[in-house]
Amino acid sequence: MFVETFSFDKTAHASLTVYLHEEKPEFSRVGKRPFVLVIPGGGYNFCSEREGEPIALQFLAHGYHAGVLRYHVGEHRHFKKALEDGEKALAKIDALAQDWAIDTDKVAVLGFSAGGHLAAAMSNLLERKPSLCLLGYPAILKSFSEVMQIDAPSLETTVSHNTPPTFLFSTFEDNVV
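Residues numbered from 1 in each chain as written. Predicted model: local features only at pLDDT ≥ 70, side-chain atom pairs only at ≥ 80, totals over all residues. Heavy atoms only, no water.

Draft legend 1. Spotlight on the pattern of salt bridges. This model, assessed by the stated rule, comprises four salt bridges. Note that Glu-49 is salt-bridged to Arg-70, the shortest N-O span being 3.6 Å. In this pair, Glu-49 sits in the loop between strand S3 (33-39) and helix H1 (53-61) while Arg-70 sits in strand S4 (residues 65-70), placing the two residues 21 residues apart along the sequence. The buried category is assigned to Arg-70, whose relative accessible area is 17%. (Salt bridge = Lys/Arg side-chain N within 4 Å of Asp/Glu carboxyl O. Helix = DSSP H or I, 4+ residues; strand = E, 2+ residues; numbered from the N terminus. Buried < 20%, exposed > 50% of the residue type's maximum accessible area, 1.4 Å probe, protein only.)

Pasting the structure below:
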């Protein structure tokens, strides 16, 4: 396994950490691998550690390349900067594709809560969109931006025919999202 962190903003601790399979002779028939970009929640106050690396490593264990996006949060929280972090992450994944056998047609974003908001934004507002979007209890409504103290759009209004296939999940115990 190859692990590297690419910093986007040192002051804000915004970065992409990638977990990539090293190509070995016994995997020569595998070819290109899909990539799952995990975007932790935390209400734009912090990036939840339990929704980051442990999730990425589970995807890695199942044969995917994976990464964790740490975006502008806390005192540096700013929706447009967080969206730029997502855009930079997708560009970095594309840049790594040739050397690391990443299938750029199979790049998924998996976001939880505020990370789900960012994943949905990446899937609807960016020119370069992921090919699949997985949203875990996403805070996508405008009312959540007030709670998260961030100026962000209500993302259910941005869905179009260009939105990638999306799977949204929550639990019956979640009385907030």
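Now that the structure is up, let's keep going.
Draft legend 2. Structural detail: helix H2 (residues 79-100). In this model, H2 (22 residues) spans 30 Å end to end at C-alpha, consistent with the 32 Å of a helix rising 1.5 Å per residue. The complete set of buried residues in H2 reads Phe-79, Ala-82, Leu-83, Asp-85, Gly-86, Ala-89, Leu-90, Ile-93, Leu-96, Ala-97 and Trp-100. The inward-facing, buried residues of H2 abut strand S1 (2-9), strand S2 (14-20), S3, S4, strand S5 (102-112) and helix H3 (114-125). In the segment just after H2, Ala-101 is the residue with positive phi, at about 50 degrees. (Expected span 1.5 Å × (residues − 1). Contact = heavy atoms within 4.5 Å.)

Draft legend 3. Fine view of the side chain of Thr-17. If you trace the backbone, Thr-17 turns up in strand S2. The buried category is assigned to Thr-17, whose relative accessible area is 6%. Apart from the residues within four sequence positions on either side, Thr-17 is in contact with Val-3, Glu-4, Thr-5, Ala-66, Gly-67, Val-68 and Arg-70.

Draft legend 4. Local environment of the sheet that holds strand S6 (residues 132-136). The sheet built from seven strands is open, its strands ordered S1-S2-S4-S3-S5-S6-S7 with mixed pairing. Strand pairing shows two members of the sheet lacking a second neighbour, S1 and strand S7 (166-169), which therefore form its edges. Strand-to-strand, the axes of this sheet are offset by a mean angle of 15 degrees, without reference to chain direction. Two strands pair when backbone bridges link them, and S1 and S2 are joined in this way by seven bridges, in the antiparallel orientation. By the bridge assignment for S2, Glu-4 is matched with Val-18. (Pairing = 2+ DSSP bridges. Axes fitted to C-alpha atoms, helices over the stretch in contact; angles between N-to-C directions.)

Draft legend 5. Representation of unusual backbone geometry in the model. The phi dihedral of Tyr-137 is positive, around 35 degrees, even though this residue is not glycine. In this structure, Gln-149 takes a positive phi of about 55 degrees despite not being glycine.

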